Amino acid sequence: TLMEISKSRTGGEDIRTVANRYKKDLTCHLDQFYMLVNGPYMKKMNRAGDIAVWDGWEFFIRAQDYSFGCVVLRREFIPPLCDSAQVITILLRCPSRGIDHEMCEVLIDECRFVADSLAPVAQAKQVYTEFIQARLDSLQCTEEAYRWFEGTLGLKPLHKTPAALKFVKSILKKMDQGGVLQDETILDSPILQDVALVHDPMMVCEEMLSDAEALLGNEEKKVRDERRNAWFQRISKYLAFCVDGGILGERFTLGTFLQGMMRGAGDSRELRKVLEFMLHLLPRGERGDFANKWSTSLISLAQLLHEPQNFGKYSFNRIVLRCMVQEDFLKHEWRRINKSSSILYETLLANLLTNPELGLSLKTLICRQILENTSTKDWSMLDVEAQIRILVPALLEVTQGSSVALASCATAALVNLSCGKDVAKNMLVHAGALKLCMTQLKSKDDDLTLYTLYLLVNLTKTAHHRAIVVREGGVPLLVELLTSSYQNVRKQKILTEIASVIGQLCNDEDSRTVMSEDFPVVICLLWINEQAPMNTKVKAKVLFALRQLAVFGPNKIKIGQTAISNVIEQISAAKPKYIDCLMNAVMLLLMLSPVRTNIRLMTHQDRLADALETCGLTEGGRESKSHRFGPAVWEKVAQLQERIAVEMAYSDE
């Protein structure tokens, strides 16, 4: 059911996670495979006028014997009760022998056509509105379901009018009295006209609770307490939904409310009680979340923030907590409560990340917040060793979970944490992050692969770390990624980072020799170089990798014969904005210059000299005073010109 999916702790509500599990089951018996396509899919046809909601994910796998095209669809709000969901998989399998890239695209399109034409065969399209209305009135729906029922079927809980309207209007009035309501005209909204005000919004909740007393039964007190706790929690979830845009849309949401609380409304006892009611912290009991003794008094957020390690012992509204994190309200409260303490806010984030009770969406949001906080220039300049030591272990633990989406976000956060921070790099390597990176590269998920490669770029700058990558089998994995993706236009970003990591590994002679003699790395990089547009990041990184590989003697001839003409074209098209491309192009030619045949290719019809004139580096054969490429580039150009002059003079003799 939709309620069961919403409570999933393993990412069941995320179609990408569902599709990834199916992909794992499909490929568990394959020794080697690669992904051509892996991304979200939108169903395009509705042949039967189905009112259900469709969500999808597609992937295409190519293995030695077979190729698989797959679209995973989830159909939600299935009539007639609209309370369930089903997962449907369209799988197209065919032999891989004789299939080229164009045929793979045809097979993908065929699989999409089958998915688009999929439709229910049931003739009866009746919706049982009486049953749905009963479920709405008993508040047994998810927040998404409340929106869908009202938008699609025009059904809403009887508690919306007047209870929910009265609750929201009373909150707005309190905020207005406190001077923190930004849109003062919101109280004049037509939907709030003729709605009574109450002094304390919590009076609405207590009224809804008392109205249901007759329905709680006459069983023993323990049973009635359990039912009362469950009903009170349902009230809090529904009213939190109403505050979060369920009544006034974007004009008033939980974010608006929390921003007002941080501007001063938090001093209001009534509004703080409202917030804690919507968060609804309850201790988890052995017999369930509602098996505690009945009381309208809830655990305060301040009490929990004093002991962040106990978050897993409580149930709460995940959406409200997620909004608190998103709007930095949790950070604001943490600092207010712990202002006299040395405990860092990152301690709370680490506890939340490692809490098995938290949902996928909340953990993903925390990772994204870490990502944003560490992407500023201030972060790279600050002394943040204490924060790094708290966050790195928690993020590493998250990357080992079953959700690929969450692992991708956590890996991206680790990329920022380790950028320019030796403490983070050493912690990651010591904790086995390089071995984990190899595991993540085997997942064949594009996003996870890309962020893992970013992380490897950070972690392969020292010889010791590169040796660990090689020992963990990094070279064959990188070569497999390169050979399976170099002709795929969808993999440009991945190819860029593969070239960067290969280039850094080639700083070591053993890796350089293995890649040159045992694997077709040079051939693939030469092909990418020919196809890559001028003045792009992929061009710069491929030129860097080729320069590193050209240190190996036999590669000088192989690379020179194929690449020199294209490299000179890059120099001709160089622009100061893309200085990396020019620098790597010049340094590659410098590395190829010891071979006399390469010198002849560079000087044939004065094309190198013409290219330097065209880009503005030289004027009349000398350094142009107006060029904007900087002294470092000109220093390398001067070395190249000197090398060419020496070789040409020797040749004339």
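Higher on the page you've got the structure.
To keep things clear, this report deals only with the structure shown in the data block. From a predicted model like this one, the values you see are computed outputs, not experimental measurements. For every chain, the first residue of the written sequence is number 1, and numbering continues from 1 along that sequence. Since the coordinates come from a predicted model, pLDDT governs what is reported: local features require at least 70, and pairs of side-chain atoms require 80 or more to be given and counted, while whole-chain, interface and lining totals use all residues. In computing side-chain values, all of the structure's heavy atoms are included and hydrogens and water are not.

1. Quick notes on the layout of surface pockets
Empty space among the atoms becomes visible once a probe the size of a water molecule is rolled across them.
Inference 1: The pocket and cavity definitions rest on a 1 Å grid over protein atoms only: a 1.4 Å probe that fits but cannot leave marks a cavity, an open set with protein on both sides within 12 Å along at least five of seven lines marks a pocket, and residues lining either have an atom within 4 Å of a point. Grid points are joined across faces, edges and corners, and a volume is the space filled by probe spheres set on the points. As a volume, the largest pocket reaches approximately 1300 Å³.
Inference 2: In terms of lining, the largest pocket is formed by 42 residues, of which the most central are S6, K7, T142, E143 and K237.
Inference 3: Of all the secondary structure elements, the ones that give two or more residues to the lining of the largest pocket are α1 (2–6), β2 (53–63), β3 (66–76), α5 (143–153), α8 (221–246) and α12 (318–326).
Inference 4: We count a stretch as a helix when DSSP gives it H or I for four or more residues in a row; a strand needs E for two or more, and each element gets its number in order from the N terminus. The element best represented in the lining of the largest pocket is α8, accounting for 8 residues.
Inference 5: Taken together, the residues of the lining of the largest pocket sort by class into 17 nonpolar, 8 polar and 17 charged. When residues are sorted by character, Ala, Val, Leu, Ile, Met, Phe, Trp, Tyr, Cys and Pro go into the nonpolar class, Asp, Glu, Lys and Arg into the charged class, and all the rest, Gly among them, into the polar class.

2. A few points about the nonpolar core
Inference 1: Here, the term nonpolar core denotes a set of buried Ala, Val, Leu, Ile, Met, Phe, Trp, Tyr and Cys residues that are joined through side-chain atoms within 4.5 Å. Exposed residues in this analysis have more than 50% of their type's maximum accessible area, buried residues have under 20%, and partly exposed residues fall in between, with area computed by a 1.4 Å probe over protein chains only. One finds F252, F257, M278, M324, L330, L395 and L525 to be the most contacted residues of the largest nonpolar core, which totals 176 residues.
Inference 2: The contact rule is simple, with two residues in contact once any of their heavy atoms fall within 4.5 Å. Residues in contact with F257, not counting those within four places in the same chain, are I171, M175, V243, F252, L271, V274, L275 and M278.
Inference 3: Counting residues in hydrophobic clusters, the runner-up holds 14 residues, among them L26, W57, I61 and C70.

3. Quick look at the sheet that holds strand β1 (residues 33–41)
By way of backbone hydrogen bonds, the strands of a sheet pair with one another, either parallel or antiparallel.
Inference 1: Any two strands with at least two DSSP-identified bridges between them are counted as paired. The antiparallel open sheet is built from 4 strands, whose spatial order is β1-β2-β3-β4. The sheet terminates laterally at β1 and β4 (85–95), the two strands that pair on one side only. For this sheet, the mean inter-axis angle between neighbouring strands, taken without regard to orientation, is 10 degrees.
Inference 2: Inspection of the sheet shows β3 paired to β4 by 11 bridges, in the antiparallel sense. When the bridges of β4 are listed, V71 appears paired with I90. A fitted line through C-alpha atoms serves as each axis, taken over the contacting stretch for helices, and the angle formed by two N-to-C directions is quoted from 0 to 180°.

4. Description of helix α22 (residues 463–471)
Inference 1: Every buried residue of α22 is accounted for by H465, R466, I468 and V469. Viewed end-on, α22 has its buried residues packed into an arc of 155 degrees, placing them on one side of the element. Projecting away from the buried face of α22 at angles above 90 degrees are the exposed residues H464 and R471.
Inference 2: On its buried side, α22 packs onto α19 (422–430), α20 (433–441), α21 (446–459), α23 (474–485) and α24 (492–505). Arc, as used here, means the arc of the directions from the helix axis to the C-beta atoms.

5. With respect to the pairing of β2
Side-chain positions along a regular strand alternate between the two faces of the sheet.
Inference 1: With 8 of its 11 residues buried, β2 lies for the most part within the structure.
Inference 2: Direction of pairing for β1 relative to β2: antiparallel, over a ladder of 8 bridges. Counted as the bridge partner of N38 is F59 from β2.
Inference 3: The pairing of β2 with β3 spans 10 bridges and is antiparallel. Across the sheet, the residue bridging to D55 is R74, located in β3.

6. Let's talk about a nonpolar patch on the surface
Inference 1: Taken together, the side chains of M45, F113 and V114 define a hydrophobic patch exposed on the protein surface, amounting to about 260 Å² of accessible area.
Inference 2: Summarising the element assignment, M45 is placed in the loop between β1 and β2.
Inference 3: According to the relative accessible area criterion, M45 is partly exposed, its value standing at 34%. Patches here are clusters of residues that have more than 30% relative accessible area and form no salt bridge, with a 9 Å joining cutoff for like charges and a 5 Å cutoff for nonpolar side chains (Val, Leu, Ile, Met, Phe, Trp, Tyr). To be clear on the numbers: accessible area is Shrake-Rupley with a 1.4 Å probe, and residue cover counts the displayed protein chains and nothing else. One speaks of a salt bridge when a side-chain nitrogen belonging to Lys or Arg is within 4 Å of a carboxyl oxygen belonging to Asp or Glu.

7. A look at the side chain of S170
Inference 1: Relative to the helices and strands, S170 resides in helix α6 (residues 163–177).
Inference 2: On the basis of relative accessible area, S170 is assigned to the buried category, the value being 1%.
Inference 3: Definition of a polar contact: a pair of N or O atoms within 3.5 Å, with one able to donate and the other able to accept a hydrogen when the atoms are protein atoms, and with sequence-neighbouring residues admitted only if both atoms are side-chain atoms. A distance of 2.7 Å separates a polar side-chain atom of S170 from the backbone oxygen of K166.
Inference 4: Setting aside anything within four residues of it in sequence, one finds S170 in contact with L197, V198 and P201.

8. Some points on the packing of aromatic side chains
Two numbers describe a pair of aromatic rings. These are the distance of the centres and the angle of the planes.
Inference 1: Note on ring pairs: Phe, Tyr and Trp rings are taken, using the six-membered ring of Trp, and paired if centres are within 6.5 Å. Classes follow the plane angle, with under 30 degrees stacked, over 60 edge-to-face and the rest tilted. For the structure on display, the rule yields 10 aromatic pairs.
Inference 2: Measuring from centroid to centroid gives 6.1 Å for F77 and F149, while their planes differ by 75 degrees, and the two rings are edge-to-face. Placement of F77 in the loop between β3 and β4 and of F149 in helix α5 is noted, with a sequence separation of 72 residues between them. Each member of the pair, F77 together with F149, is buried.
Inference 3: Definition used: whenever NZ (Lys) or CZ (Arg) falls within 6 Å of the ring centre and also within 35 degrees of the ring normal, the charge is taken to sit over that ring. Just above the ring of W54 sits the side chain of K43; from NZ or CZ to the centre is 4.8 Å.
Inference 4: Looking at K444, its charged tip hangs above the ring of F33, at a distance of 4.6 Å from the centre.

Everything listed here is a matter of geometry and, on its own, says nothing about what the molecule does.
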